[in-house]
Amino acid sequence: MKKLLIVLTFMSLFIVGCSDKKQSESLGVEIEEEQVLYTNHQKEISNERVIESLDVDSSYTVNPNDPEALLESSEKISVVRARLGDIFMAEYINDSGSIPQTPVDVVSYEVIDGDDVQDLDKLYYNGGIVNTKDYMERMPGDAKKAGMESSEDTYVQFTLDSTFDYEVGSEYVLIIRQLDSGDYAIVLDGYGTFYSEEVVSKQRSNQNSRKFKNVLNDQLMIIND
Amino acid sequence: MRYTRIFVRSIITLMVGVTGMMTSLNALNVGGERLDTGGSLLEGTNVTYYIDPDCEYTAAIPSAIQRLMYPSKYSNKLVLTRTYSRAYSKVDFYQYSSNDLINASTVRRKLDTKGNYYSLTLASANNGTSWNYGYIDINDNYMAKYSQTKRNNVILHEILHVYGLRDLYSTNNRYSIMYGSSEYFENNREIDSFISTVLNSKYK
């Protein structure tokens, strides 16, 4: 009888273990399916096709490490909590010099502070991977000097000290500005990007305020309600 | 007597070594920040610079270069002469216009063995790799509204990137020409002793 009980116990444990495994496997598939909903197209480019990787040093008009300065850096500034979708190849828009802009889809958003934002479905940030042909059209003199050959299969990567590796499908709190074209851009990229979760402060404050931590330098952005 | 001489020599050698190390550390670190990328502009002492025909800063650029070549307090061996041929220039200037909060940007580029230019990432510059030339893209949207002094400061700041200096962001360094934002650039920012030490160690 004892032996039978032991065997039954082992069998039931084995069955439970199997069903758990199946459940986690099926969960894994679900998670995977959710992840592939959005694509970072720049990460699909193999290293061999990126013929140049350019690091850019910039002089900023404001202190990039000061969120308050970023909030006051332009007239059309808003703060939004946004979930990002697909990240596309960088491109040259009217409002850029030699540094290309990366477009990213906005899946959903809410305005936290600043001007109202209508129909925000796309954001730009500085840098990223751009087609060699596009670079040659934007900077023909330098491209010629560099001996570059026009190709749609090769790319140039731009990295700035403000560059942040955004995750598709993730939610961030972003300081954004409106471009002359009406589109929106993230203010100085990573310097204007904050973790979505609010920082809970132990200090009591008379004002109701929300705090968000920057993704690059841990600086706090304080939004007063 | 012989041992005393050896002892004195050893002490002197040690002191010279420590002084040299301190100078080197000072050159690299200013207020806790690294100033020197570690690399340098190849054959960068006596070079030519090129201004793209679309770049309007034809007065501010030479003015900033004068301040680089002839600082008020510290000397260096740098010589920059304007050329109208882009092919062999070492510092190139371009212009664009945007409200991207960037005054100007610098890219350093490296020549590969086949004779083509390839970029230099900051990581490789920090490892001491040298580069062949750099280009500076000036944002007219902001620079056009600045005072002459502020323009000169921004351009000098960018030229110093081509020579291998890094941005400083600590508020302790806010009055340095290598401070990363231009909010304190209304007054003339000179080549200070730290920058001069770096330039003189790289370009002899």
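This text gives an overview of the structure that appears in the document. Just so it is clear, the structure is predicted and the values come from calculations on it, not from any experiment. (Residues numbered from 1 in each chain as written. Chains lettered and ligands numbered in written order. Predicted model: local features only at pLDDT ≥ 70, side-chain atom pairs only at ≥ 80, totals over all residues. Heavy atoms only, no water.)

Our next topic: the interface of chain B and chain A. Residue-level contacts link 43 residues of chain B with 41 residues of chain A. A per-residue breakdown of the area chain B buries against chain A is headed by Asn 99, Leu 101 and Tyr 169 of chain B, which together make up 21% of the total. Here Arg 109 of chain B ties to Asp 142 of chain A by a salt bridge, and the two come within 2.2 Å at their closest N and O atoms. Remark: the boundary between chain B and chain A carries 23 residue pairs in polar contact (both at pLDDT 80 or more). Among the elements of the structure, strand 5 (91-96), strand 6 (102-111), strand 7 (117-119), helix 3 (122-126), strand 8 (133-139) and helix 5 (148-162) of chain B are those that each provide at least two residues to the side of chain B that touches chain A. Of the residues forming the side of chain B that touches chain A, the biggest block, eight residues, is contributed by strand 6 of chain B. In the side of chain B that touches chain A, the residues fall into 19 nonpolar, 15 polar and nine charged. (Contact = heavy atoms within 4.5 Å. Buried area = accessible area lost by both parts, 1.4 Å probe. Salt bridge = Lys/Arg side-chain N within 4 Å of Asp/Glu carboxyl O. Polar contact = N/O pair within 3.5 Å; in protein donor to acceptor, adjacent residues only side chain to side chain. Helix = DSSP H or I, 4+ residues; strand = E, 2+ residues; numbered from the N terminus. Nonpolar A, V, L, I, M, F, W, Y, C, P; charged D, E, K, R; others polar.)

What follows concerns a negative patch on the surface. A cluster of acidic residues, Asp 66, Glu 68 and Glu 72 of chain A together with Glu 183 of chain B, forms a negative patch at the surface. With respect to the secondary-structure elements, Asp 66 of chain A resides in the loop between strand 1 (50-60) and helix 2 (67-71). (Patch = residues over 30% accessible without salt bridge, like charges linked within 9 Å, V, L, I, M, F, W, Y side chains within 5 Å. Areas by Shrake-Rupley, 256 points an atom, 1.4 Å probe, with all protein chains shown as cover. Lys, Arg positive; Asp, Glu negative; His and termini not counted. Charge placed at Lys NZ, Arg CZ, Asp CG, Glu CD.)

A complete count under the given rule lists one cavity of 30 Å³ or more for this structure. Ser 96, Gly 97, Ser 98, Ile 99, Gln 101 and Asn 126 of chain A together with Tyr 96, Asp 100, Ile 102, Ser 105 and Asp 137 of chain B together form the lining of the largest cavity. Across the lining of the largest cavity, the residue classes tally to three nonpolar, six polar and two charged. (1 Å grid on protein atoms, 1.4 Å probe; cavity = no way out; pocket = protein on both sides within 12 Å on 5 of 7 lines; lining within 4 Å. Points joined across faces, edges and corners; volume = space filled by probe spheres on them.)

A few words now on the layout of surface pockets. Residues and elements named next belong to chain A. There is about 300 Å³ of room inside the largest pocket. Lining the largest pocket are 19 residues; nearest its centre among them are Gln 42, Gly 128, Gln 157, Thr 163 and Asp 165. If you list the elements that add at least two residues to the lining of the largest pocket, you get strand 4 (122-126), strand 5 (128-131) and strand 6 (155-160). In terms of residue count, the dominant contributor to the lining of the largest pocket is strand 6 (three residues).

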